[in-house]
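Spelled out, the chains give:
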Amino acid sequence: RMDHILLETTGLADPAPLVSILWLDDQLESSIRLDSIITVIDAKNFRRQIDEHTNSSSFPEAFHQIAFADVVILNKIDLVKDNLEDLERQIHDVNALVTVVRSVRCQVDLNTIFDRQAYGVKNSSQLQELLEYSKSAPPNSRHDNSISTLCIYEQDPVCLTKVESWLEDLLWEKKSNMDIYRCKGILNIHDSNQLHTLQAVREVYEVVPAREWSETQSRMNKIVFIGIILKNDS
Ligand SMILES: Nc1nc2c(ncn2[C@@H]2O[C@H](COP(=O)(O)OP(=O)(O)OP(=O)(O)O)[C@@H](O)[C@H]2O)c(=O)[nH]1
């Protein structure tokens, strides 16, 4: 019996096509499920890449990989003299929701990378993280065409079919100033007591009821987009 399957892609691979194969509908009752995307970042090379792209209109290739990740293993930290907080800030500027684990020779506690249930609708720590997340705009230091995180918020209940058609406009028809890689959110659906969760990787998205809203919790809609945000006010 296998506990986990780790798929290692080539360094420059776009994980989105793999995700669309492995991220299966619960109703298919598959015995495997997609748990999370883990990206290993070479801290020394990452620093060099960032320095090379300072004042340039392009961004490091590593940003693509960070955008899709649920966990970043920041490896080779023994080779980096400057402060690691700054590297972690750069990673979180791209993907504000990613968990960063520092390592030397990728020695990490496996509990921090396995069974994260990043795609599980009932993952309560992920829900809590989303509920508490409040950063509203990409940092000013980023170029307009870099990859960053954008969070939108609305308190009033929304109509599920309208949200789905709006998402399809954004993700399928690309009718926005954003190129969206990843998206996570919670939705307050009209006439429903269920908190709904939203997940998207490129064109593939899912909105599902996760659990009842608790009495003490203020209902809200919050969507976090990770991608190329061409205009802050889009
Ligand atoms: N000092 C130090 N060396 C490391 C660390 N991790 C890996 N190495 C060494 O770096 C060298 C290259 O290893 P990696 O960067 O992991 O290379 P790789 O994974 O084979 O290469 P790609 O898959 O092409 O990125 C090897 O000699 C490793 O032993 C680390 O954390 N610190």
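Residues numbered from 1 in each chain as written. Predicted model: local features only at pLDDT ≥ 70, side-chain atom pairs only at ≥ 80, totals over all residues. Heavy atoms only, no water.

The name given to the protein chain in an unreviewed UniProt entry is CobW C-terminal domain-containing protein, with Aegilops tauschii subsp. strangulata as the source organism. One UniProt comment on the protein chain, placed under Catalytic activity (unreviewed entry), says "GTP + H2O = GDP + phosphate + H(+)". (UniProt positions renumbered as here; feature names shortened; annotations may be inferred.)

Trainee: Account for the overall build of the protein chain, with residues named and values stated.
Mentor: Looking only at helices and strands, the protein chain has six helices and eight strands in total. Moving toward the C terminus, one meets the helices and strands of the protein chain in the order α-β-α-α-β-α-β-α-β-α-β-β-β-β. The buried share of the protein chain, reckoned over its 234 residues, is 46%. Contacts in the protein chain between residues far apart in sequence, at least 24 positions, make up 73% of those at least 6 positions apart. As displayed, the protein chain offers around 13000 Å² of accessible surface, 49% of which is attributable to carbon and sulfur atoms. (Helix = DSSP H or I, 4+ residues; strand = E, 2+ residues; numbered from the N terminus. Buried < 20%, exposed > 50% of the residue type's maximum accessible area, 1.4 Å probe, protein only. Contact = heavy atoms within 4.5 Å. Areas by Shrake-Rupley, 256 points an atom, 1.4 Å probe, with all protein chains shown as cover.)

Trainee: Can you break down helix α6 (residues 160–171) residue by residue, with the values?
Mentor: One turn of the α-helix equals 3.6 residues, which is why residues spaced by three or four share an orientation. When the terminal C-alpha atoms of α6 are compared, their 16 Å separation across 12 residues agrees well with the 16 Å that a helix rising 1.5 Å per residue should span. Val163, Leu167, Leu170 and Leu171 are the residues of α6 that are buried. Projected onto a plane normal to the axis of α6, the buried residues spread over an arc of 80° and lie on a single side. Turned more than 90 degrees away from the buried face of α6 sit Thr161 and Lys162, all of them exposed. (Expected span 1.5 Å × (residues − 1). Arc of directions from axis to C-beta.)

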